[in-house]
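Observations on the three-dimensional arrangement
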Amino acid sequence: MTAVIERITDPRIRLGFDGLVRSEWIKVRTLRSTWWSAAVTVALMAGLAGLAAWGITSAGIPSDTSDGLLAVTLGHAFAQLAVAVFAVLVITGEYATGMIRSTLAAAPRRMPVYLSKALIVVLVTAAIAVIGTALAIAVAQPILGSAGSGLDFTSAEQLQGIAGQVIYLVLVAAFAFGIGALVKNSAAGIVIVVGVLFALPIVVQIVASLTRIEWLADLYQYLPSVAGQQMMMIGQTGDNVLSPAAGFAVLAAYAVAALVAGGFAMAKRDD
């Protein structure tokens, strides 16, 4: 064991970025939390899509292909919680177990370590989101098609909405990873992310409706989850409604800000 530790901490031996990425991939895929998060995310996306499709076709109300997009993307509202927890745990788990010391002993340069972890989080989340979306379509499309409200794959807007769900989940994971790196604590990171994504929009809506403060109503559209969801919406217009591109820009800005803050904190503190 002593020989192994000496080899890891030998200043002449340095892991390249590709080595760091492979190392982080091994860590992530051997964690049970990764597989649980993936299973929960995919199950929620497919299950809720099927339930929504059944509800749409059973209601007996005339519908169109936009209902198909609504059914397929409904699961993101709950799947974002699973991917956020996964992203937070990737970084905070090492601080909780003390493994971060071994990681930094093998790779003292902190930013490559941080970026390799962030890259793995993004790639794994993208894979989960693609699989979940594909299964959601596979479950919902036959049900919706029987009522003439299935997805129209020739529609650029609907394809954009489908892709928007994947992008949304990836950006949420990036945001959560940055917050986790910033606070170093699993419980605190999860509470902050859940609060920002779920609780904050509700609080802002309630306060805005009670106080009639106009700027709060404007602020609501720029909250991370509210803005990001516009990537999955079609045909919405209005003064207080962001376009899909603007929604993407706002959520991406939050994700980048969280990643930068988390990276800066990790680089500066003495772990």
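Residues numbered from 1 in each chain as written. Predicted model: local features only at pLDDT ≥ 70, side-chain atom pairs only at ≥ 80, totals over all residues. Heavy atoms only, no water.

1. A look at the overall build of the chain
Along the backbone of the chain there are 12 helices and zero strands. Starting at the N terminus and ending at the C terminus, the chain contains elements arranged as α-α-α-α-α-α-α-α-α-α-α-α. Across the 271 residues of the chain, 45% fall into the buried class. Residue pairs in contact within the chain that sit at least 24 positions apart in sequence constitute 78% of those at least 6 positions apart. (Helix = DSSP H or I, 4+ residues; strand = E, 2+ residues; numbered from the N terminus. Buried < 20%, exposed > 50% of the residue type's maximum accessible area, 1.4 Å probe, protein only. Contact = heavy atoms within 4.5 Å.)

2. Here's the deal with the layout of surface pockets
The space that makes up the largest pocket amounts to roughly 220 Å³. Those elements that provide at least two residues to the lining of the largest pocket are helix H2 (17-29) and helix H5 (76-97). When grouped by side-chain class, the residues that make up the lining of the largest pocket number six nonpolar, five polar and four charged. (1 Å grid on protein atoms, 1.4 Å probe; cavity = no way out; pocket = protein on both sides within 12 Å on 5 of 7 lines; lining within 4 Å. Points joined across faces, edges and corners; volume = space filled by probe spheres on them. Nonpolar A, V, L, I, M, F, W, Y, C, P; charged D, E, K, R; others polar.)

3. Quick word on the pattern of salt bridges
Where charged atoms of side chains with opposite charge meet at close range, the side chains can pair. Going through the model one piece at a time under the given rule, you end up with five salt bridges. Where Lys-117 meets Glu-94, a salt bridge forms, and the shortest distance between an N and an O atom there is 2.3 Å. Residue Lys-117 is found in helix H7 (residues 110-145), and its partner Glu-94 is found in helix H5; the two are separated by 23 residues along the sequence. Take Lys-117 and Glu-94: they sit in the same class, and that class is buried. Several salt bridges share partner residues, and in doing so they unite Glu-24, Lys-27, Glu-94 and Lys-117 into one network. (Salt bridge = Lys/Arg side-chain N within 4 Å of Asp/Glu carboxyl O.)

4. As for the nonpolar core
Among the nonpolar cores identified, the biggest contains 47 residues, and Val-121, Tyr-168, Leu-169, Phe-177, Val-193 and Met-266 are the most heavily contacted of them. The greatest single-element share of this core, amounting to 12 residues, is contributed by helix H8 (residues 156-183). Not counting residues up to four positions away in its chain, the partners in contact with Phe-177 are Ala-87, Val-90, Ile-91, Tyr-114, Lys-117, Ala-118, Val-121 and Leu-259. Residues Ala-49, Ala-52, Ala-53 and Ile-162 belong to the second largest nonpolar core, which totals 13 residues. (Core = buried A, V, L, I, M, F, W, Y, C linked by side-chain atoms within 4.5 Å.)

5. Some remarks on helix H9 (residues 186-211)
Taking 1.5 Å as the rise per residue, H9 with 26 residues should run 38 Å; its terminal C-alpha atoms sit 35 Å apart, in good agreement. Most pronounced at Ala-199, the bend in H9 amounts to some 45°, and the proline Pro-201 follows within four residues. Among the residues of H9, those classed as buried are Ser-186, Gly-189, Val-193, Leu-197, Pro-201, Val-204 and Ala-208. The opening residue of H9, the one whose side-chain oxygen lies 3.1 Å from the backbone nitrogen of Ala-187, is Asn-185. Where H9 ends, the next residue or the one after it, Arg-212, has phi of about 60°, a positive value. (Expected span 1.5 Å × (residues − 1). Bend = angle between axes of the 7 residues up to and from the residue. Polar contact = N/O pair within 3.5 Å; in protein donor to acceptor, adjacent residues only side chain to side chain.)

6. So, the packing of aromatic side chains
With the rule as written, the count across this model stands at one aromatic pair. Residues Tyr-114 and Phe-177 carry aromatic rings whose centres are separated by 5.3 Å and whose planes lie at 40° to one another, so their mutual orientation is tilted. Of the two residues, Tyr-114 is situated in helix H7 and Phe-177 in helix H8; the sequence distance between them amounts to 63 residues. (Phe/Tyr/Trp six-rings, centres within 6.5 Å; stacked < 30°, edge-to-face > 60°.)

7. Focus on the side chain of Gln-80
With respect to the element layout, Gln-80 can be found in helix H5. Taking relative accessible area as the criterion, Gln-80 reaches 2% and is therefore assigned buried. A polar contact of 2.5 Å, which involves the side chain of Gln-80, links it to the side chain of Tyr-168. With residues near it in sequence (within four places) discarded, Gln-80 still touches Tyr-168, Leu-169, Val-172, Leu-197, Phe-198 and Ser-225.

8. As for unusual backbone geometry
In this structure, Lys-184 is a non-glycine residue whose phi angle is positive, near 65°. As for its position among the elements, Lys-184 is in the loop between H8 and H9. Residue class for Lys-184 comes out partly exposed when judged on its relative accessible area of 32%.

9. Considerations on the side chain of Ser-116
For Ser-116, the location among the structural elements is in helix H7. Residues in contact with Ser-116, not counting those within four places in the same chain, are Phe-17, Leu-20, Val-21 and Glu-24.

Nothing here speaks to function; it is geometry throughout.
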